[in-house]
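Notes for the structure review
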Amino acid sequence: MKLLKPLILVGCLALLSTSCKKAIEKKVQDLVMDAITHGEWIVEQYFEGTNNLSSQFLDYRFKFNEDGTLTGTANSSSTDGTWKPNVTDYTITADFPTAVDPLKKLNGLWKIKDSDWDYVKAEMQTTDGTRLLILRKK
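So, here's what we can say about the structure. (Residues numbered from 1 in each chain as written. Predicted model: local features only at pLDDT ≥ 70, side-chain atom pairs only at ≥ 80, totals over all residues. Heavy atoms only, no water.)

**A look at the overall build of the chain**
Worth spelling out the cut-off: Under the DSSP-based scheme used, a helix requires at least four consecutive residues in state H or I and a strand at least two consecutive residues in state E, with every element numbered from the N terminus. Partly exposed describes any residue whose relative accessible area lies between the buried limit of under 20% and the exposed limit of over 50%, with all areas from a 1.4 Å probe on protein chains only and scaled to the type maximum. Note on contacts: a residue pair qualifies if any of its non-hydrogen atoms lie within 4.5 Å across the two residues. Using a 1.4 Å probe, the Shrake-Rupley method yields the accessible areas, and only the shown protein chains count as cover for residues.
Scanning the chain from N- to C-terminus turns up one helix and nine strands. Sequence-ordered secondary structure for the chain, helices as α and strands as β, is α-β-β-β-β-β-β-β-β-β. With 138 residues in all, the chain has 31% of them scored as buried. Counting contacts in the chain only where the partners sit at least 6 residues apart, residues at least 24 apart contribute 36% of the total. Carbon and sulfur atoms form 57% of the exposed surface of the chain, whose accessible area is close to 9200 Å².

**Quick word on the pattern of salt bridges**
Filter applied, for reference: By definition, a salt bridge exists where a carboxyl oxygen of Asp or Glu is found within 4 Å of a side-chain nitrogen of Lys or Arg.
Applying the stated criterion across every chain, the model contains four salt bridges. A salt bridge links Lys105 to Glu48; the shortest N-O distance between them is 3.4 Å. Here the residue Lys105 occupies a position in the loop between strand S6 (91-95) and strand S7 (108-116), and Glu48 occupies one in strand S1 (residues 41-48), the gap between them amounting to 57 residues. Using a relative accessible area of 13% as the deciding quantity, one classes Lys105 as buried.

**Some remarks on the environment of Trp41**
Inclusion rule: Between N or O atoms, a polar contact is any pair within 3.5 Å; within protein, one atom must be a potential hydrogen donor and the other a potential acceptor, and residues adjacent in sequence are included only when both atoms are from side chains.
For Trp41, the location among the structural elements is in strand S1. Judged by relative accessible area, which is 2%, Trp41 ranks as buried. Counting along the chain gives 94 residues from Trp41 to Leu135, while the straight-line C-alpha distance between them is 6.2 Å. Of the polar contacts made by the side chain of Trp41, one reaches the backbone oxygen of Ile36; its length is 3.0 Å.

**Some thoughts on the pairing of strand S5 (residues 77-86)**
This is how it is decided: Pairing between strands is defined by DSSP: at least two bridges between them are needed.
Here strand S4 (residues 69-74) runs beside S5; their pairing, made up of six bridges, is antiparallel. The residue bridging Leu70 from the neighbouring strand is Gly81, located in S5. Bridge count for S5 against S6 is five bridges, and the pairing is antiparallel. Across the sheet, residue Trp83 finds its bridge partner in S6, namely Ala94. A loop of four residues connects S5 with S6, the two strands running antiparallel in sequence, and Tyr90 in this loop sits at a positive phi of about 55°.

**Notes on the side chain of Thr79**
Of note, Thr79 is situated in strand S5. Those residues in contact with Thr79 that sit more than four places away from it in its chain are Leu70, Thr71, Gly72, Phe96, Thr98, Ala99 and Leu103.

Structure representation (structure tokens):
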């Protein structure tokens, strides 16, 4: 009986720590979603290797929605897409299925390298090299 009490205590502590970890992960995910989905974003910089193609995105504004939809708007013309964050892997997958250049350049899995409430720096590895994307909240 003396051995059973410590085992029960350790088991309870293990359950609590697992529950706390899940609660913390959920809170972090909620904060990230809130930061991304409130406001519009612009492409501050976009590079393919050493080629600076940022000017191709000058007129675009992006709106990320909580339901996983995404809209890119330039000059009153909108293109719909989807996005999916992965807080654990620090990635975002974007897909504009009917897009043409420059929006189709954003399709794929982006690895978050740095971020803040109004700033995201992400990279994507392609067969042609590395793409760099810096988004800024407007």
